[in-house]
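Listed below, chain by chain, are the residues.
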Amino acid sequence: MARIRNIVILTGAGVSAESGIDTFRAGSDGGPSLWEQHRVEDVATPEGFARDPDLVLGFYDMRRAAIQTKQPNPAHHALARLDAQWEGGLLIVTQNVDDLHERAGARRVLHMHGEHLKAWCTACDTRSRWTAPLIDRPRCPGCGAAALRPDVVWFGEMPYEMDTIYAALRDADLFVSVGTSGAVYPAAGFVRDAREVGAWTLELNLERSQGSHWFQETRLGRASELVPAWVDEVLAARA
Ligand code: BV8
Ligand code: ZN
C-alpha cells in the first residue's frame, strides 16, 4: 500500500442503502427497488419528462423530500475521515444524487449524475440549491421563469465533469468502487480506465457487480462494515 498516492472512489446507491435510501436494483435484502415502482424511461429520461412532467417532478419531489429525513451511515463517515486525513490525491465520484457524503463531512466529492438538492432552470441555465417540491412550478431565482427541473442527469444525458473524472483516473494508484451494480455507463467503465494506468482496483459491494471481473480484489458485505475497515487499513498503511 505504501506506493499509494492518488485514490479515486466511485460510490453508488449501495453506500446509501443502510441510510434507508432505496437502491435502483433490489439488493439481496430484497428491498423494493426504485425502478420496480417506475419505468426508467418514464421518470429518468428527458423524453419521459417531456411526455409527463408532473409524473417526473412528483417522482423527484418524493425522493428529494425522503433524503432530507435520512442520515449518513458509517460508510459515509469513514470516507469523510479518509478525505480529511489523506494528504495525497483523493476524489469521491458519486453516482448518487443524495447529499450524505457532504453531510458526513466529505469535501472532495463530485456528483457525476447531479444532485436532488439542486434545481436547474431550463430557461436561464441557473442552478439553485433546492429543498422544496417542483411540482407546483416555482419560479427560478435567477430569471423568474417557471422552468425548473431536477438538476439530475437522466439517461441519454451527459454526466457532469467527465474531464475532471478522467483526469483523476489517469493519475490513480488505487480505484475503489463501493455499492454499485456496474449497470450504468460511463461510471461502470471507470474500473477499466483505472486498470489501464496500472491502478489497484478494489470492489466493496453486497454482491458481485456486473463489472466484478475487472477488479483485482472484491470484498463482499455491507458498506457500513467494509468501508470503515478498509479506511482503517489504508490509513494504517501510509508510508
Ligand atoms: C450517457 C440519476 C452519453 C438519476 C442516474 C447500452 C450499452 C451501454 C450503455 C448504454 C446503452 N444504452 C444506453 C446507454 C447509456 C446509459 C446506460 O448506461 N444505460 C444502461 C441502463 C445500459 N447511460 C447514460 O445514458 C448516461 N449518459 O451515457 O451519456 C452521452 C454521450 C454523448 C452525448 C450525450 C450523452 C447517463 C446515466 C445516468 C442516469 N442517471 N441517476 C436518478 O438518480 O434518478 S443512473 C442511477 O442508476 C444511479 O445514478 C446509478 O448511476 C445507476 C446505477 O445505480 P447504482 O448506484 O449502481 O445502484 P444499483 O441499485 O444499481 O446497485 C446498488 C448496488 O449496491 C448493488 O450492487 C447492491 O448489491 C449493492 N448494495 C445494496 N445494499 C448494499 C450494497 N452494497 C454495500 N452495502 C449495502 N448495504
Ligand atoms: Zn431561470
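- The name that an unreviewed UniProt entry assigns to the chain is NAD-dependent protein deacylase, with the source organism given as Tsuneonella aeria.
- Recorded in UniProt under Sequence similarities (unreviewed entry), the annotation for the chain is "Belongs to the sirtuin family. Class III subfamily."
- The chain has a UniProt comment under Function (unreviewed entry) that states "NAD-dependent lysine deacetylase and desuccinylase that specifically removes acetyl and succinyl groups on target proteins. Modulates the activities of several proteins which are inactive in their acylated form."

1. Quick notes on the site of ligand 1
- The local shell around ligand 1 holds 33 residues, among which R25, Y60, R63, G156 and S181 are the closest.
- In this structure, T180 approaches ligand 1 through a side-chain N or O atom, which is 2.7 Å from an oxygen atom.
- At a separation of 3.2 Å, a nitrogen atom of ligand 1 approaches a polar backbone atom of L206.
- When the free accessible area of ligand 1 is taken as 1500 Å², the share hidden by the protein chains comes to 76%.
- Grouping the amino acids of the shell around ligand 1 by side-chain chemistry returns 16 nonpolar, 11 polar and six charged.
- Of the residues that make up the shell around ligand 1, three or more belong to each of domain 1 (1-21 + 73-113 + 159-238) and domain 2 (22-69 + 115-152).

2. Topic: the packing of aromatic side chains
- Within the structure shown, the criterion is met by five aromatic pairs.
- Summarising the aromatic geometry, the rings of F59 and Y60 are spaced 5.0 Å apart at their centres and angled 80° between planes, so their arrangement reads as edge-to-face. The burial state of F59 is the same as that of Y60; both residues are buried.
- Ring centres 6.2 Å apart and planes at 25° place the aromatic pair F175 and F215 in the stacked group. Here F215 lies in the loop between β8 (200-205) and β9 (217-220) and F175 lies in strand β7 (residues 174-178), a separation of 40 residues in the sequence. With respect to class, F175 is no different from F215; both count as buried.
- Cluster of aromatic residues (ring-pair linked, three or more members): F49, F59, Y60 and W154.

3. Considering the domain arrangement of the chain
- With domains assigned, the chain is organised as domain 1 (1-21 + 73-113 + 159-238) and domain 2 (22-69 + 115-152).
- Here the C-alpha centre of domain 2 lies 25 Å away from the C-alpha centre of domain 1.
- Each partner contributes residues to the interface: domain 1 has 19 residues there, and domain 2 has 17 residues.
- When domain 1 packs against domain 2, close to 1300 Å² is buried across both sides, 55% of that on carbon and sulfur atoms.

4. Re the coordination of the zinc ion (ligand 2)
- With distances of 2.2 to 2.3 Å, the protein atoms coordinating the zinc ion (ligand 2) are C121 (SG), C124 (SG), C140 (SG) and C143 (SG).
- Coordination at the zinc ion (ligand 2) is tetrahedral, judged from the four donor atoms that bind it and the angles of 105 to 113° they form at the metal.
- Mapped onto the polypeptide sequence, the residues donating to the zinc ion (ligand 2) form the spacing pattern C-x2-C-x15-C-x2-C. Pair noted here: C121 is in strand β4 (residues 114-121) and C140 is in the loop between β5 (127-129) and β6 (148-152), with a separation of 19 residues, a long-range link.
- Residue C121 is classed as buried on the basis of its relative accessible area, which comes to 1%.

5. A few points about the packing of helix α5 (residues 74-85) against helix α9 (residues 223-236)
- The geometry of α5 relative to α9 is characterised by a closest axis approach of 7 Å and an angle of 20° between their N-to-C directions. Looking at the two axes, α5 sits roughly parallel to α9. Every pair of crossing elements has a handedness; the one defined by α5 and α9 is left-handed. Where α5 approaches α9, its residues P74, A75, A78, L79, R81, L82 and Q85 are matched on the opposing element by A223, S224, V227, P228, W230, V231, D232, V234 and L235.
- Residues belonging to the contact of α5 with α9 are distributed by class as follows: 12 nonpolar, two polar and two charged.

6. A few points about helix α7 (residues 162-170)
- Within the sequence span of α7, burial applies to M162, I165, A168 and L169. Buried positions in α7, seen along its axis, are confined to an arc of 125° and lie on one side of it. Facing away from the buried side of α7, by more than 90 degrees, are the exposed residues D163 and R170.
- Each element contacted by the buried residues of α7 is listed here: β1 (7-11), β2 (90-94), β3 (109-111), β7 and α8 (190-196).

Reading guide: rules and limits
- Residues numbered from 1 in each chain as written.
- Chains lettered and ligands numbered in written order.
- Predicted model: local features only at pLDDT ≥ 70, side-chain atom pairs only at ≥ 80, totals over all residues.
- Heavy atoms only, no water.
- UniProt positions renumbered as here; feature names shortened; annotations may be inferred.
- Near = heavy atom within 4 Å.
- Polar contact = N/O pair within 3.5 Å; in protein donor to acceptor, adjacent residues only side chain to side chain.
- Areas by Shrake-Rupley, 256 points an atom, 1.4 Å probe, with all protein chains shown as cover.
- Nonpolar A, V, L, I, M, F, W, Y, C, P; charged D, E, K, R; others polar.
- Domains from an automatic or database assignment.
- Phe/Tyr/Trp six-rings, centres within 6.5 Å; stacked < 30°, edge-to-face > 60°.
- Buried < 20%, exposed > 50% of the residue type's maximum accessible area, 1.4 Å probe, protein only.
- Helix = DSSP H or I, 4+ residues; strand = E, 2+ residues; numbered from the N terminus.
- Contact = heavy atoms within 4.5 Å.
- Buried area = accessible area lost by both parts, 1.4 Å probe.
- Donors = N, O, S within 2.8 Å, 3.2 Å for Na, K, Ca; no water.
- Tetrahedral: all angles 85-135°; square planar, octahedral: opposite > 155°, others 65-115°.
- Axes fitted to C-alpha atoms, helices over the stretch in contact; angles between N-to-C directions.
- Parallel < 35°, antiparallel > 145°, perpendicular 65-115°, else oblique.
- Left-handed = near helix turned anticlockwise from the far one by under 90°.
- Arc of directions from axis to C-beta.

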